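Structural overview for review
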Amino acid sequence: MKFDVELSGEDSAVIRANGRLNLMSAPDLKHLVTGIVQGDGRPNVVVDLAEIDFVDSTGLGALVFGLKTARAAGGDLRIARPGKQIKMVLQLTSLDRILEPHDTVEECFE
Amino acid sequence: MRRFFDHQLLVRVLTTLTIILGVNYMVWRWLFSVNWSNAWISVPLVLVETYSLIDCFLFGVTMWRLRERPAPPAPPEGLSVDVFITTYNEPIDLVMTTALAASRIRYPHNTWILDDGGRPAVQQAAEKAGIGYITRSSEWENRPRHAKAGNLNNALAATHGQFLLILDADQIPEPEILDRLLGHFNNEKVALVQTPQWFYNVNDTDILGSQAPLFYGPIQQGKDGWNAAFFCGSNALIRREALMQVGITWYVHGVRTTVGQTLKGGDRIIARARAEHAATGQHVTRALEDVRLAVRTARKELREDRPVGAVTYNFQRKVDAAAQTIVTADLKSIHADLDEIQQLTGLTSPTEALITRDVVERLARRDWSPMAAIGPVRRMIRALDVDRADEAIPVMPMATNSVTEDMATCMRLHSHGWESVYHHEILAKGLAPEDLKTMITQRLRWAQGTMQVFLRENPLLQKGLSAGQRLMYFSTMWSYLSGFAAVVYLVAPILFLCFGVLPVAAFSLDFFARLIPFLVVNQLLFFVAARGRKTWRGQQYSLALFPVWIKACTTAAANVLFGRSLGFAVTPKTRQDGGPPWFLIRPQLIAIAALIVAAVTGLVRMLIGVGAPAGTLVNVAWVAYDLVILSVIIRAALYKGFTPTDDRDENNEI
């Protein structure tokens with residue numbers, strides 16, 4: 001699993017990841033979001049999921065943990081371009097009502 | 001059949017004599033004539049002589065119950081038959097010639113081209129001719145293809161005839177082939193009927209030794225007498241029910257073996273995963289502990305001989321439960337996070353129903369299970385199931401554990417009590433290799449496959465085979481060890497002629513008095529058994545291809561024991577061009593040169609009084625014999641391919 005961070009404006013960042021967001025890689029995402037929000041002081045985070053082909057319950061937990069961290073800092077975490085499997089998992093858990101999937105990264109900033 | 005009985009009696013008398021004289025010679029050799037002062041060559045020589053005597057004995061056993069079957073009764077009407085034409089890369093014309101001939105077979109049947117190359121042009125030609133076309137289904141993508149065996153298994157899954165006739169792409173069948181063969185299956189225990197492989201692009205001299213008149217004749221008939229007629233991959237008719245039955249038995253056996261091996265390594269995999277993921281959280285550690293207990297229980301159940309289906313089912317349920325504990329813990333922490341978010345922002349959480357049973361079960365199912373993130377654990381869990389996800393189709397009726405699927409499959413049929421028949425009548429004519437390289441590739445593959453079966457499923461240890469069947473399989477395998485013997489037979493006279501190294505106590509009268517009667521009777525047995533068939537080429541090649549046999553043994557051993565790749569060479573049906581391929585026969589050329597030098601040196605040594613005359617002359621004769629045998633390989637390298645002649649023998653006798 002590889003993460004790519006692109007800074008955007010004063011208080012935002014876009015995380016691009018590829019591979020599988022699972023038990024193995026979830027802790028890395030948690031650390032990364034914590035670092036961006038608390039370390040860099042950028043509370044608005046977009047996670048671009050276009051290259052993620054799979055998420056499990058632990059991966060889902062990392063996204064929600066990121067959301068909590070961002071909200072606690074007065075910002076938000078939004079997700080863009082989730083694939084089919086991720087949409088299925090979000091719907092199954094009703095988390096799509098909290099982590100609403102966006103079609104583009106730009107849309108997340110609106 | 002008075003004449004036959006006499007012939008059989010003569011064969012038995014000669015076999016008995018050969019064995020008696022052979023044992024007499026060998027005992028004397030071991031006890032009284034090993035030259036212990038030159039043990040480094042004397043012992044190898046006496047060993048390979050013993051090897052050859054055992055080979056003679058096995059040949060005698062094969063001939064002992066030679067069976068010449070009468071023609072079977074006409075088959076009943078209404079049997080369903082599929083004719084399979086297997087192809088990979090052969091020219092379309094060649095495939096279509098065979099396919100069209102197959103569609104003209106008189107007994108009602110379906111003809112199928114099994115195109116492992118998946119070539120659109122072949123498909124078009126087949127469709128235009130109204131012939132069935134089968135290529136690999138999508139399940140085979142990214143899975144082991146198992147060459148020809150896989151091609152046949154794929155077709156078996158796509159068709160449902162009661163009988164299948166297997167033809168290589170070049171084997172043009174006669175219209176009456178099914179009418180002649182199907183009657184053998186009136187005996188409900190018969191699983192397989194093999195007919196000879198005969199080649200129309202070979203002239204009388206048969207420089208490449210393609211026709212196998214001894215094998216497709218006395219040897220197959222001899223094996224048939226022990227209910228051990230071999231399946232040779234093409235020109236054979238098979239009962240589907242038999243093939244499926246052994247396929248399923250082997251599937252169960254294969255699953256059991258895989259499950260057993262996987263469970264053996266289970267503790268180690270779990271221990272490593274626990275150490276590596278200790279930091280991930282208590283819930284993961286606990287789930288891995290549950291899996292470890294499940295492995296233990298499964299191992300115990302397997303030891304108690306519980307059905308492997310039940311063992312794996314119980315195991316998978318426990319793994320699911322373990323995965324569910326991780327998912328539940330994840331969902332709980334998501335819930336806690338959402339609660340915090342709610343307190344922070346005053347949002348109302350819409351996810352009260354987050355941790356329902358359905359959600360947990362779905363998220364913990366194998367395809368989404370968080371435990372699957374740990375590669376070795378995922379692979380272990382995957383292997384502990386009965387669906388063989390690593391294979392395209394779980395049940396493989398044609399054996400896939402050897403490059404010669406035919407022999408392995410046949411042995412399985414025999415060990416399950418099925419019978420095979422050798423039908424001695426040419427009912428399909430094919431193409432033999434026309435150049436040395438292709439011929440060597442083909443012989444190498446046969447030898448490799450045979451040795452693979454020998455090492456993986458030693459016939460002497462297989463349950464369900466009769467003693468005769470064991471010996472018939474073992475005999476073929478034993479004969480492929482001859483390459484090592486050939487080296488000793490070539491080296492021993494060279495050592496004597498050049499350096500005076502004496503491998504026997506003495507080339508004395510005692511020696512010849514014991515050896516010569518044995519050799520004479522043995523050759524007589526061979527001659528009588530062959531009944532006038534041309535067996536000389538076969539004798540030449542069994543020595544002249546010694547490097548091929550050695551390579552086959554070493555590569556097969558490396559493959560079976562150390563998992564090294566063997567490679568699967570498809571024998572090209574068209575001639576490979578280029579000059580004489582001397583590089584292919586370098587060891588033989590070196591041997592020929594060394595033998596000539598040795599003969600000259602030996603004669604000079606004798607003339608100047610250094611070499612003993614008797615020993616020298618015997619060894620020069622020995623060398624001359626070797627040279628005559630080896631000379632065939634030079635003629636083979638120079639062979640320019642087949643040109644048809646008018647006086648070609650067109651009748652069906654071999």
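Nothing here was measured: the structure is a model prediction, and the numbers come from that model.

Some points on the overall build of chain B
Of regular secondary structure, chain B possesses 21 helices and 10 strands. Judged by the C-alpha coordinates and their principal axes, chain B covers about 115 × 65 × 50 Å. Each of the 654 residues in chain B was classed as buried or not, and the buried ones make up 43%.

Quick look at the nonpolar core
All names here are of chain B. Counting 115 residues, the largest nonpolar core has Phe84, Ile85 and Leu165 as its most contacted members. Here the element with the most residues in this core is helix α14 (residues 436-456); it accounts for 9 residues. Apart from residues lying up to four places away in sequence, Phe84 is in contact with Trp112, Leu114, Leu152, Ala155, Leu164, Leu165, Ile166 and Leu167.

What to know about the sheet that holds strand β1 (residues 2-8) of chain A
Residues and elements named next belong to chain A. Spatial ordering of the open sheet is given by β1-β2-β3-β4-β5, a layout of 5 strands whose pairing is mixed. The sheet is open, and its two edges are formed by β1 and β5 (101-102), each paired on a single side. Here 5 bridges tie strand β3 (residues 44-55) to strand β4 (residues 76-80), and the two strands are oriented parallel to one another. Bridge pairing in β4 links Val46 to Arg78. The strands that helix α1 (residues 26-39) touches are β1, β2 (12-21) and β3; relative to β2, the one it contacts most, it runs at about 175°.

What to know about unusual backbone geometry
Trans is the common state for peptide bonds, and a negative phi is the common state for residues other than glycine. Residue and element names in this part refer to chain B. Although it is not a glycine, Ala147 adopts a positive phi angle of roughly 45°. For Ala147, the location among the structural elements is in helix α5 (residues 147-158). Given 17 C-beta atoms within 10 Å, Ala147 falls into the partly exposed group. Although it is not a glycine, Asn235 adopts a positive phi angle of roughly 60°.

Some remarks on the domain arrangement of chain B
In terms of domain boundaries, chain B breaks down into domain 1 (2-32 + 474-638) and domain 2 (249-383). On a C-alpha basis, the centres of domain 1 of chain B and domain 2 of chain B stand 62 Å from each other.

What about the packing of helix α16 (residues 482-499) of chain B against helix α19 (residues 546-562) of chain B?
A packed helix pair is summarised by two numbers, namely the angle formed by the two axes and the spacing between the axes. All names here are of chain B. Closest axis-to-axis distance for the α16/α19 pair is 7 Å, and the angle between their directions is 135°. The angle between the axes of α16 and α19 places the two elements in the oblique class. At the point where α16 passes α19, the crossing takes the left-handed sense. Contacts between α16 and α19 involve Ser482, Gly483, Phe484, Ala486 and Val487 from the former and Phe546, Pro547, Trp549, Ile550 and Cys553 from the latter. Considered class by class, the residues forming the contact of α16 with α19 number 8 nonpolar, 2 polar and no charged.

Regarding the sheet that holds strand β1 (residues 81-87) of chain B
Residue and element names in this part refer to chain B. Reading across from one edge, β3-β2-β1-β4-β8-β6-β9 is the order of the 7 strands in this open sheet, with mixed pairing throughout. Each edge of the sheet is formed by a strand with only one pairing partner; in this case those strands are β3 (132-134) and β9 (419-422). Strand after strand, the sheet turns through a mean of 25° between neighbouring axes, direction not considered. In terms of strand pairing, strand β6 (residues 190-194) meets β9 through 4 bridges, oriented parallel. Its bridge partner lying in β9, Leu192 is registered against Ser420. Strands in contact with helix α3 (residues 92-103) are β1, β2 (110-115) and β4 (163-168); relative to β1, the strand with the most contacts, it is inclined by about 170°.

Notes on the pairing of β4 of chain A
Residues in a regular strand project their side chains so that they alternate between the two faces of the sheet. Residues and elements named next belong to chain A. Within β4, 4 of the 5 residues are buried, which leaves it mostly tucked inside the rest of the structure. Considered for its hand, the β-α-β crossover made up of β3, helix α2 (residues 57-72) and β4 is right-handed. Looking at chain direction, β4 and β5 are connected through 2 bridges and run parallel. Bridge pairing in β5 places Ile79 opposite Pro101. Regarding the hand of the β-α-β motif, the stretch spanning β4, helix α3 (residues 84-92) and β5 is right-handed.

A look at helix α21 (residues 613-638) of chain B
Residues and elements named next belong to chain B. In this model α21 runs 37 Å from its N-terminal to its C-terminal C-alpha over 26 residues, within 8% of the 38 Å that 1.5 Å per residue would give. At Ile629, α21 is bent by approximately 25°, the largest bend along its length. For α21, the full list of buried residues reads Gly615, Thr616, Asn619, Val620, Trp622, Val623, Asp626, Leu630, Val632, Ile633, Ala636 and Ala637.

Overview of the environment of Phe185 of chain B
Residues and elements named next belong to chain B. Relative to the helices and strands, Phe185 is located in the loop between α6 (177-181) and β6. Measuring from C-alpha to C-alpha, the distance between Phe185 and Lys128 comes to 33 Å, with 57 residues separating the pair along the chain. Excluding its chain neighbours within four sequence positions, the residues that come into contact with Phe185 are Phe163, Val190 and Arg239.

Comments concerning the interface of chain A and chain B
Across the boundary between the two partners, chain A contributes 21 residues, which contact 24 residues of chain B. At 10 residues, the largest contribution of residues to the side of chain A that touches chain B is made by α2 of chain A. When the residues that make up the side of chain A that touches chain B are grouped by side-chain class, the tally is 11 nonpolar, 6 polar and 4 charged.

The rules we used
Residues numbered from 1 in each chain as written. Chains lettered and ligands numbered in written order. Predicted model: local features only at pLDDT ≥ 70, side-chain atom pairs only at ≥ 80, totals over all residues. Helix = DSSP H or I, 4+ residues; strand = E, 2+ residues; numbered from the N terminus. Buried ≥ 20, exposed ≤ 12 C-beta atoms within 10 Å, placed from the backbone. Core = buried A, V, L, I, M, F, W, Y, C linked by C-beta atoms within 7 Å. Contact = placed C-beta atoms within 7 Å. Pairing = 2+ DSSP bridges. Axes fitted to C-alpha atoms, helices over the stretch in contact; angles between N-to-C directions. Domains from an automatic or database assignment. Parallel < 35°, antiparallel > 145°, perpendicular 65-115°, else oblique. Left-handed = near helix turned anticlockwise from the far one by under 90°. Nonpolar A, V, L, I, M, F, W, Y, C, P; charged D, E, K, R; others polar. Right-handed = clockwise from strand over helix to strand, strands pointing away. Expected span 1.5 Å × (residues − 1). Bend = angle between axes of the 7 residues up to and from the residue.

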